[in-house]
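Architecture and fold: a report
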Number of protein chains: 2
Amino acid sequence: MTQRIRGVVAPVLTPFKADLSPDRERFIAHCKWLLSQNCGLAVFGTTSEANSLAAEERSILLDALVAAGVDTSRMMPGTGCCSITETVKLTAQAVKHGCAGVLMLPPFYYKSVSEEGLYRYFSEVVQRVGDARLKIYLYHIPPVAVIGITTGLVERLLAAYPNAIAGMKDSSGDWNNTKTFLDAFNVRAGRAVSLGARRSSDPGTDTQTSFDVFVGSESFLLANMRNGGAGTISATANVNPAAIHKLYAESGKLKTESGKRKTQRTDHDLEGLQAKLNVVRDLFGRYPMIAALKQAIAICANDPAWRTVRPPLVELTAEQVKTLAAELNTIGFKMG
Amino acid sequence: MTQRIRGVVAPVLTPFKADLSPDRERFIAHCKWLLSQNCGLAVFGTTSEANSLAAEERSILLDALVAAGVDTSRMMPGTGCCSITETVKLTAQAVKHGCAGVLMLPPFYYKSVSEEGLYRYFSEVVQRVGDARLKIYLYHIPPVAVIGITTGLVERLLAAYPNAIAGMKDSSGDWNNTKTFLDAFNVRAGRAVSLGARRSSDPGTDTQTSFDVFVGSESFLLANMRNGGAGTISATANVNPAAIHKLYAESGKLKTESGKRKTQRTDHDLEGLQAKLNVVRDLFGRYPMIAALKQAIAICANDPAWRTVRPPLVELTAEQVKTLAAELNTIGFKMG
């Protein structure tokens, strides 16, 4: 049984060349740098502009990462497309490469779809991939995908596929929603899952049955870790991974060292780390996030090529670039 | 210069086999039947579950239709994907096959995108396809795609690409919105387009500069034709094409025979035809539309295989099937 991926994971920004084709060299270099910062790789997430890439482009980039020796046990590629066929193809490729998991959007074109329809979709994907190594992290991001992941859906999927359904990323931006999922499904080591009948259709053999909840923003990281969460998959981890990892690591120590919170002082320290993260997150939140993160790398690495985004996104305006640079300077921001 | 496509067009339902793969034989047969009913073919529309198909599956099906001798001059395939790369590939294929046009969704994953970003997206597609035969019908369906087509966007695109931007399908369900586009952009034969500067970057040489507005439901067909519209691209055309075409043809006669409305009586006749169409449309509108249309074909053609939909859609329940059959019977519905 391989170790589940936990901690800080970046939905890796995808650099583009001037002709809008993916820039493999910069992409691989950025992935390697993130790994060096204790940051896992959710390549092909929303922040990655993955939905502005053809399925085939994602497939080629994943092969390129593997060929470059990037550690797939720290990788959770986004594989959720609108069609079962494309989702299955990308997911099977990720599993074959030994990726720690896949981050899976629900099919997001048709609206007002039923829980039954979404259940059938994910069920069909699990069955078609048919590999015991499959670990799906359901991706809840209603502000963008509109179609969301409900507790009812997770309950049905966990009952049918307790090993394949490994967790979720909650990008609702609503802590109460995260808390609802943590309370309903989070299972710590040694505790049995208190769900109903498990069907034998699951191709998995893994007996680790926790449902790992990642928050979609490090703003909720401390709250998530205090409530048994697994970490964060956050856009800003592309530029601020070390500080986010520090909070993750420190909050983990509390639990492992004593089994209960140590002192008020330590809690206070953690809150200080969280507050510092929030300053950076809030700064980027005042801009179109993806363009601003790419611009920040362009500034910090003195590499203007990083600015490029694919339409329908647009890069920051000259005025925004100026303000962003000044704001980063004011808080003494450095990548790392 | 080829004739623009006008009239009644069906977003062709895609039949699936039990294993959810596209059923080519039934698909080709349905396309040929629709053509025999004076109905054009917007294959790969929303009603076609095209967004539950891989780009590659659409590509293979289009080739299969062409190989089967289906008339591409009556065809307007849906080619709009989230990525420029896939949209360009499918669009270029349609143009190469001599399709009358393509129905193009805006990229629909990222939300709150700017008009500038959408302009760049469509502009990039036109430039990359780079073929004077390209005719794009912009697809406005905010209830599903969320991202919509604005008058500002159309104005910019028409100014840059007067030949490639041929019209739109308005599935907003809001007649006021359709009227706004008709008033702003519809140009009858012989009238020049009263827009600003035309850029020379358009690869087209076609001097026909009308902007053809199709309504997304035949409920608005008479209103559209009275206001200079081009026809309708409507889901229900899959099962009720002859009656919808009759209203289209009759409303056209009014214009060509006299140049103004003939008599109150004729207007009254047209309204009668519209009212009859509305009865059928409203009936299907009370069910999940796509599943209900497939079920209606299954009933009328005594071919249960037609029921199948791809997740996340679900077929009608047994109870819904019973009610639908009874309701169709009550209005004496027959396909045709």
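Residues numbered from 1 in each chain as written. Chains lettered and ligands numbered in written order. Predicted model: local features only at pLDDT ≥ 70, side-chain atom pairs only at ≥ 80, totals over all residues. Heavy atoms only, no water.

Focus: the confidence of the model for chain A
Residue and element names in this part refer to chain A. With 89% of its residues at a pLDDT of 70 or more, chain A shows a mean pLDDT of 92. Scored below 50 in pLDDT, residues 188–207 makes 39 contacts in the model with residues more than four places away or belonging to other chains. This complex was scored by the predictor with a pTM of 0.93 and an ipTM of 0.92. (pLDDT = per-residue confidence, 0-100. Contact = heavy atoms within 4.5 Å.)

A short note on the relation of the copies chain A and chain B
Superposition of chain A onto chain B requires a rotation of 180° combined with a translation of 0.0 Å along the rotation axis, giving an RMSD of 0.0 Å. On the angle and the small slide along the axis, the relation comes out as a two-fold axis. Here 100% of the contact residues of chain A are again contact residues in chain B; the copies associate through an equivalent surface. (Least-squares fit on C-alpha atoms with pLDDT ≥ 70 in both.)

A few points about the interface of chain A and chain B
Each partner contributes to the interface: chain A provides 47 residues, whereas chain B provides 47 residues. Both faces considered, chain A and chain B share a buried interface measuring about 3,300 Å² in area, 61% of it formed by carbon and sulfur atoms. In terms of surface lost to chain B, no three residues of chain A exceed Tyr109, Tyr110 and Pro312 of chain A, which account for 24% of the buried area on that side. Here chain A and chain B share four salt bridges between them. We note a salt bridge from lysine 89 of chain B to glutamate 56 of chain A, for which the minimum N-O separation is 3.8 Å. For the interface between chain A and chain B, the tally reads 18 residue pairs in polar contact (both at pLDDT 80 or more). Elements with a contribution of two residues or more to the side of chain A that touches chain B: α2 (55–67), α3 (84–96), α4 (115–129) and α5 (142–145) of chain A. With seven residues, α4 of chain A is the largest single contributor of residues to the side of chain A that touches chain B. (Buried area = accessible area lost by both parts, 1.4 Å probe. Salt bridge = Lys/Arg side-chain N within 4 Å of Asp/Glu carboxyl O. Polar contact = N/O pair within 3.5 Å; in protein donor to acceptor, adjacent residues only side chain to side chain. Helix = DSSP H or I, 4+ residues; strand = E, 2+ residues; numbered from the N terminus.)

Some details on the nonpolar core
Across soluble globular proteins, nonpolar side chains have a tendency to be buried as a group. Within the largest apolar cluster, 213 residues are counted, with the highest numbers of intra-cluster contacts made by Tyr109 and Phe284 of chain A together with Tyr109 of chain B. Examining the composition of this core, we find that eight residues originate from one element, helix α11 (residues 289–300) of chain A, more than from any other. Not counting chain neighbours up to four residues away, the residues in contact with phenylalanine 284 of chain A comprise Thr236, Val239, Met289, Ala292, Leu293, Ala296, Leu324 and Leu328 of chain A. (Core = buried A, V, L, I, M, F, W, Y, C linked by side-chain atoms within 4.5 Å. Buried < 20%, exposed > 50% of the residue type's maximum accessible area, 1.4 Å probe, protein only.)

Details of the packing of helix α4 (residues 115–129) of chain B against helix α6 (residues 151–160) of chain B
Residues and elements named next belong to chain B. In the contact formed by α4 and α6, the axes pass within 10 Å of each other and the chain directions differ by 35°. The handedness of the crossing between α4 and α6 is right-handed. Note on element contacts: α6 touches α4 through Gly152, Leu153, Arg156, Leu157 and Ala160, opposite Glu115, Glu116, Leu118, Tyr119, Phe122 and Ser123. Residues of the contact of α4 with α6, tallied by class, amount to six nonpolar, two polar and three charged. (Axes fitted to C-alpha atoms, helices over the stretch in contact; angles between N-to-C directions. Left-handed = near helix turned anticlockwise from the far one by under 90°. Nonpolar A, V, L, I, M, F, W, Y, C, P; charged D, E, K, R; others polar.)

Here's the deal with the sheet that holds strand β5 (residues 165–170) of chain B
Residues and elements named next belong to chain B. Strand order in the open sheet formed by seven strands is β2-β1-β7-β6-β5-β4-β3, and the pairing between neighbours is parallel. This sheet does not close on itself; its edge strands, each paired only once, are β2 (39–41) and β3 (102–104). If you compare each strand with its neighbour and ignore which way they point, the axes differ by 30° on average. Direction of pairing for strand β4 (residues 136–140) relative to β5: parallel, over a ladder of five bridges. Within the sheet, the bridge partner assigned to histidine 140 lies in β5 and is aspartate 170. Each of β1 (7–10) and β2 is contacted by helix α1 (residues 24–36), which is oriented at about 140° to β2, the strand it contacts most. (Pairing = 2+ DSSP bridges.)

Things to note about the pattern of salt bridges
Following the criterion strictly, the structure yields 32 salt bridges over all chains and no others. With its nearest N and O atoms 2.6 Å apart, the salt bridge here joins glutamate 49 of chain A to lysine 294 of chain A. Placement of the pair is glutamate 49 of chain A in the loop between β2 (39–41) and α2 and lysine 294 of chain A in helix α11, with a sequence separation of 245 residues. For the residue pair glutamate 49 of chain A and lysine 294 of chain A, the accessibility class agrees, reading buried in each case. Between arginine 120 of chain B and glutamate 315 of chain A there is a salt bridge, with its nearest N and O atoms 2.9 Å apart.

Section: α1 of chain B
Residue and element names in this part refer to chain B. For α1, with 13 residues, the first-to-last C-alpha span of 18 Å sits near the 18 Å given by 1.5 Å per residue. Looking at α1, one finds that the buried residues are Phe27, Ile28, His30, Cys31 and Leu34. Each buried residue of α1 lies within a common arc of 160° when the element is viewed along its axis, so the set occupies one face. (Expected span 1.5 Å × (residues − 1). Arc of directions from axis to C-beta.)

Details of the packing of aromatic side chains
Under the criterion given, the structure shown has 19 aromatic pairs over all chains. Relative to phenylalanine 333 of chain B, the ring of phenylalanine 284 of chain B has its centre 6.1 Å away and its plane inclined at 75°; by these criteria the two rings are edge-to-face. Taken together, the residues phenylalanine 284 of chain B in helix α10 (residues 264–285) and phenylalanine 333 of chain B in the segment after α12 (318–330) connect sequence positions 49 residues apart. Given a relative accessible area of 0%, phenylalanine 284 of chain B falls into the buried group. Among the aromatic residues, those joined into a cluster by ring pairs are Phe108, Tyr109 and Tyr110 of chain A together with Phe108, Tyr109 and Tyr110 of chain B. One Lys or Arg, arginine 156 of chain A, reaches over the ring of tyrosine 119 of chain A and ends 4.0 Å from the middle of that ring. (Phe/Tyr/Trp six-rings, centres within 6.5 Å; stacked < 30°, edge-to-face > 60°. Lys NZ or Arg CZ within 6 Å of the ring centre and 35° of its normal.)

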